[in-house]
Amino acid sequence: MNLPMDASAPTHTTTPDYAAFLQQQLAIQPHNVMAHVLGNEQIWIKRAGAPHGTGRYRAMAVLAALLRLDALRPVPNPGGPAAIATEVQRLRDLAARGIRVPAVLAALPNGFAMRHLGNVGEETHSLGNEIDHAVQAGDTATVLALWQQGLDTLTQVHHQGTCLSQAFARNLVRCPDGEVACIDFEDDPAAVLPLAVCHVRDALCYAHSTAIYLRTSGTLAEGRERWAAWVAQGSVEMRAVLATSVRRMGWMRHLPTNRKLGRDLQRVRAAYDLLAGDPISQ
């Protein structure tokens, strides 16, 4: 995350009073999400934003119904204090399951404090950015290794009987030790969708956000083999939902592979080629 940072807090040798610092900063920090240095560590404080409207969710529900894709059914994020409560609960639940996420240090109804995933003063990069950098460097081995690391993270999450919220590569963070952590949990798909559908939702989000890198680097064929192996490890229910979803997305094979219709649709086409195993133009 590359967001405003407050380095004015004094250095302490004792354990910081996270709750008191949270309460103080929620009242004065100028941005809803900010980094602060407290003691010898960096923390993030996230304050509740304005509640969200429901219009966009109705539109997504209509689209999901038209396409007959349960995995596209919207997961409400009401914003405001409700989103804060959801994120705190999800971060604590995921941590208890052994999944790497930011540690919650203190929480109030209108905001919470969490520990930075990297070193003090150093930005942690998303898995998406790391893969993109490897693509730009022409390092295909690293592209595939990083992409596989994202898949392995999904495997760990799913095997723990849970799911992510939005499993895009931007929400998977590479920590200084090279491990991947997960962020951004303002909604809870498992509260409104069957778990198998949630797992497919994770898969579709990850494919949509990363398949374009495989195509650009010339590694989509290898990626398809790895994807097939990953799907084979999923539950019977998950594989059935995914197979049905891919069949109903068959119209995507008619999208161009170039940027004629824009980058977003190019991402959709690359994701479909990964998911469906259609002939690849690289």
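Residues numbered from 1 in each chain as written. Predicted model: local features only at pLDDT ≥ 70, side-chain atom pairs only at ≥ 80, totals over all residues. Heavy atoms only, no water.

**Q** Quick question: what am I supposed to make of the overall build of the protein here?
**A** Tallying secondary structure elements over the protein gives 9 helices and 8 strands in all. Within the span of the protein, comprising 282 residues, buried residues form 48% of the whole. Accessible area for the protein stands at about 13200 Å²; split by element, carbon and sulfur atoms hold 53% of it. (Helix = DSSP H or I, 4+ residues; strand = E, 2+ residues; numbered from the N terminus. Buried < 20%, exposed > 50% of the residue type's maximum accessible area, 1.4 Å probe, protein only. Areas by Shrake-Rupley, 256 points an atom, 1.4 Å probe, with all protein chains shown as cover.)

**Q** Explanation requested: the packing of helix α7 (residues 220-232) against helix α9 (residues 263-276) in the structure shown.
**A** Packed helices, taken two at a time, are described by their axes: the angle between them and the distance between them. For the pair α7 and α9, interaxial distance at closest approach is 8 Å and the crossing angle is 50°. In terms of orientation, α7 and α9 fall into the oblique class. The way α7 lies across α9 gives a crossing that is right-handed. Note on element contacts: α9 touches α7 through D273, L274 and L275, opposite L220, G223, R224 and W227. Class assignment for the residues of the contact of α7 with α9 results in 4 nonpolar, 1 polar and 2 charged. (Axes fitted to C-alpha atoms, helices over the stretch in contact; angles between N-to-C directions. Parallel < 35°, antiparallel > 145°, perpendicular 65-115°, else oblique. Left-handed = near helix turned anticlockwise from the far one by under 90°. Contact = heavy atoms within 4.5 Å. Nonpolar A, V, L, I, M, F, W, Y, C, P; charged D, E, K, R; others polar.)

**Q** I'm lost on the packing of helix α6 (residues 195-217) against helix α8 (residues 236-248) in this one. Help?
**A** At a closest axis distance of 8 Å, the pairing of α6 and α8 adopts a crossing angle of 55°. With respect to α8, the element α6 is oriented oblique. Crossing handedness for the pair α6 and α8: right-handed. In this structure, α6 uses A196, V197, H199, V200 and L204 to contact α8, whose residues at the interface are E237, M238, V241, L242 and S245. Per-class residue counts for the contact of α6 with α8 are 7 nonpolar, 2 polar and 1 charged.

**Q** I'm lost on the packing of aromatic side chains in this one. Help?
**A** Describing an aromatic ring pair means giving the distance of the ring centres and the angle of the ring planes. Scanning the entire structure with this criterion turns up 3 aromatic pairs. Centroid distance W147 to W227: 6.4 Å. Interplanar angle 35°. Geometry classified as tilted. With a gap of 80 residues between them, W147 in helix α5 (residues 140-159) and W227 in helix α7 connect regions that are remote in the sequence. Exposure class is identical for W147 and W227. Each is buried. With a centroid separation of 5.2 Å and 40° between ring planes, the pair formed by W227 and W230 is classed as tilted. Of this pair, W227 and W230 both sit in helix α7, 3 residues apart, which is roughly one turn of the helix. The pair W227 / W230 is uniform in exposure class, with both members buried. Taken together, the ring pairs connect W147, Y206, W227 and W230 into an aromatic cluster. The ring of Y213 has R267 sitting right over it, with the charged end atom 5.7 Å from the ring centre. (Phe/Tyr/Trp six-rings, centres within 6.5 Å; stacked < 30°, edge-to-face > 60°. Lys NZ or Arg CZ within 6 Å of the ring centre and 35° of its normal.)

**Q** What am I meant to see in the nonpolar core here?
**A** Looking at soluble globular proteins, one finds that nonpolar side chains tend to be buried together. Core analysis: the largest hydrophobic core is formed by 64 residues, its most contacted members being I131 and W227. The element contributing the most residues to this core is α6, with 12 residues. (Core = buried A, V, L, I, M, F, W, Y, C linked by side-chain atoms within 4.5 Å.)

**Q** What am I meant to see in the pairing of strand β5 (residues 111-115) here?
**A** The two faces of a sheet get side chains in turn, since along a regular strand they alternate between them. Counted residue by residue, β5 has 4 buried out of 5 residues, so it is predominantly covered. Where strand β3 (residues 41-47) and β5 come together, 5 bridges link them in antiparallel fashion. From the neighbouring strand, K46 faces β5, where its bridge partner is F112. Where strand β4 (residues 104-108) lies against β5, 4 bridges are found, and the strand directions are antiparallel. When the sheet's bridge partners are listed, A107 is paired in β5 with F112. (Pairing = 2+ DSSP bridges.)

**Q** Mind showing me how you'd approach the sheet that holds strand β6 (residues 125-126) here?
**A** Strand pairing in a sheet is mediated by backbone hydrogen bonds. Such pairs are either parallel or antiparallel. Pairing within the open sheet is antiparallel, and its 3 strands lie in the order β6-β7-β8. Single-partner strands in this sheet number two, and they are β6 and β8 (180-182). Of the strand pairs in this sheet, β6 and strand β7 (residues 172-174) are connected by 2 bridges, and their pairing is antiparallel. When the sheet's bridge partners are listed, S126 is paired in β7 with V173.

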